[in-house]
Amino acid sequence: MYITALSQMLYNSHLYSDHCVEEGAGNSLPLRQHNAHAPPTWIFLLVESNMRNASSSHDRRDTQTDDTDGAVFFDVKQNFLANRTEANAITVIEELLSMDVKHVDWNSWPDLKSLIVSVLDTVTLPRLFIKYNVLLLKAINSAADKVVDLLAKFVSDRISEVDTLLAESHVAVVIAFSRRLHDENCTESVAMCIWRYVHLKPVLDELLEQLKDVNAEKRFRVHHVTSLRLKHDGDGSEIKQLVESLVSELDSRDILCQLNAIEILADISCS
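Worth saying up front: this structure is predicted, and the values here are computed from it rather than measured.

Peer 1: How should I be thinking about the overall build of the protein chain in this particular structure?
Peer 2: Summing up its helical and strand segments, the protein chain has 15 helices and two strands in all. Counting only residues that meet the buried cut, the protein chain has 48% of its 271 residues in that class. Put simply, of all contacts in the protein chain between residues at least 6 apart along the chain, 71% involve residues at least 24 apart. Of the roughly 14,400 Å² of accessible surface on the protein chain, 51% is carried by carbon and sulfur atoms.

Written out as structure tokens, the structure reads:
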């Protein structure tokens, strides 16, 4: 049976009981579990609706299985906004994280992005850091780079709300972001998010490890973070090793590395 990616995801998360009730001759519908932890009605109705739609189109080709993802994300958002609670927001986050990105039609990204922002705004960033840190780290570590790009921008736009947390008790979030620095679609947003914290030893150690890479493109993504730090805070004494690594590119045998290093250093001096 054809089931959209999100519907399959929600269905597999045990939102239904194993019991069915007959509806007409030979037809049956799954019943919700009747307990204190039953899922919100909107989730049940959404999945049931998609399963019914699926039953009438089971003969469509597998290549079409992502066509309704956008509609699903839009419907989830509308139903979520009608029953907007922190508990429901966390349920949506957990289910999205369980989704196989291979089955996501990225043409539906605007609807998915809008859903994610609505959910994050409901939970609030400080609470996400403090109470749901494991979920946040899982998202940064495993989500598609478009999602990480959104998360990094979301954090940067609200940096004053979590600055102390990132600098003290939640440095792991900065490290997780830094490890996504080399994903093309989120490089700039990650760099803008982490430059304030590169002087912290765990973050500094992580970036220095990345600078050992023989891939010049990866090294220069780290150098870009260094340049952002120096542009905003001219004192490079706390990140001396990062600065030295950037300057050492001038001695590279690769002329492109030399030119890129000169350009970055000139840009820093003019800022």
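Peer 1: Any chance you could explain the pattern of salt bridges here in plain terms?
Peer 2: Pairing between side chains of opposite charge can happen when their charged atoms approach one another. For the structure on display, the rule yields 14 salt bridges. Residues lysine 131 and glutamate 86 are paired through a salt bridge, measuring 3.9 Å at the closest nitrogen-oxygen approach. Remark: glutamate 86 occurs in helix α4 (residues 86–97) and lysine 131 occurs in helix α6 (residues 125–131); sequence separation between them is 45 residues. Its relative accessible area of 49% is what places lysine 131 among the partly exposed residues. When salt bridges with common partners are traced through the structure, they connect Glu86, Arg127 and Lys131 into a single cluster.

Peer 1: What exactly am I supposed to notice about unusual backbone geometry here?
Peer 2: Positive phi, normally seen in glycine, also occurs at threonine 124, with a value near 80 degrees. Along the chain, threonine 124 falls in the loop between α5 (109–123) and α6.

Peer 1: What's the story with a nonpolar patch on the surface in this structure? I'm lost.
Peer 2: Judged by side-chain polarity, Val247, Leu250, Ile255, Leu256, Leu259 and Ile262 come together as a nonpolar surface patch covering roughly 520 Å² of accessible area. Ranked by residue count, the leading element in the nonpolar patch is helix α15 (residues 255–270), at four residues. For leucine 256, the position within the fold is in helix α15.

Peer 1: I would appreciate a short explanation of the confidence of the model for the protein chain in the present structure.
Peer 2: Mean pLDDT over the protein chain: 82, with 74% of residues reaching 70 or higher. Confidence over residues 1–45 falls short of pLDDT 50; this stretch has 89 contacts with residues more than four positions distant or in other chains. Under a pLDDT of 50 for its full length, residues 47–68 has, in the predicted model, 31 contacts with residues more than four places off or in other chains.

Peer 1: Before we go on, may I ask you to explain the layout of surface pockets in this structure?
Peer 2: Any empty space left between atoms is shown by rolling a water-sized probe over those atoms. There is about 380 Å³ of room inside the largest pocket. Looking at the largest pocket, it is lined by 20 residues, and the ones nearest its centre are Leu96, Leu97, Ile116, Ala143 and Val147. Among the elements of the structure, α4, α5, α7 (133–142) and α8 (145–157) are those that each provide at least two residues to the lining of the largest pocket. In terms of residue class, the lining of the largest pocket is built from 19 nonpolar, one polar and no charged.

Peer 1: Quick question: what am I supposed to make of the side chain of serine 227 here?
Peer 2: With respect to the element layout, serine 227 can be found in helix α13 (residues 216–232). You can call serine 227 buried: its relative accessible area is 4%. At 2.6 Å, the side chain of serine 227 forms a polar contact with the backbone oxygen of histidine 224. Those residues in contact with serine 227 that sit more than four places away from it in its chain are Ile264 and Ile268.

Peer 1: Could you clarify how one ought to interpret the packing of aromatic side chains in this entry?
Peer 2: Aromatic rings considered in pairs are described by the distance between their centres and by the relative angle of their planes. For the structure shown, the criterion picks out one aromatic pair. Ring geometry for tryptophan 106 and tryptophan 109: centres 5.8 Å apart, planes at 55 degrees, overall tilted. Owing to a relative accessible area of 15%, tryptophan 109 belongs among the buried residues under this scheme. Above the plane of the ring of phenylalanine 154 lies arginine 158, whose end atom (NZ or CZ) is 3.6 Å from the centre.

Rules of the game
Residues numbered from 1 in each chain as written. Predicted model: local features only at pLDDT ≥ 70, side-chain atom pairs only at ≥ 80, totals over all residues. Heavy atoms only, no water. Helix = DSSP H or I, 4+ residues; strand = E, 2+ residues; numbered from the N terminus. Buried < 20%, exposed > 50% of the residue type's maximum accessible area, 1.4 Å probe, protein only. Contact = heavy atoms within 4.5 Å. Areas by Shrake-Rupley, 256 points an atom, 1.4 Å probe, with all protein chains shown as cover. Salt bridge = Lys/Arg side-chain N within 4 Å of Asp/Glu carboxyl O. Patch = residues over 30% accessible without salt bridge, like charges linked within 9 Å, V, L, I, M, F, W, Y side chains within 5 Å. pLDDT = per-residue confidence, 0-100. 1 Å grid on protein atoms, 1.4 Å probe; cavity = no way out; pocket = protein on both sides within 12 Å on 5 of 7 lines; lining within 4 Å. Points joined across faces, edges and corners; volume = space filled by probe spheres on them. Nonpolar A, V, L, I, M, F, W, Y, C, P; charged D, E, K, R; others polar. Polar contact = N/O pair within 3.5 Å; in protein donor to acceptor, adjacent residues only side chain to side chain. Phe/Tyr/Trp six-rings, centres within 6.5 Å; stacked < 30°, edge-to-face > 60°. Lys NZ or Arg CZ within 6 Å of the ring centre and 35° of its normal.

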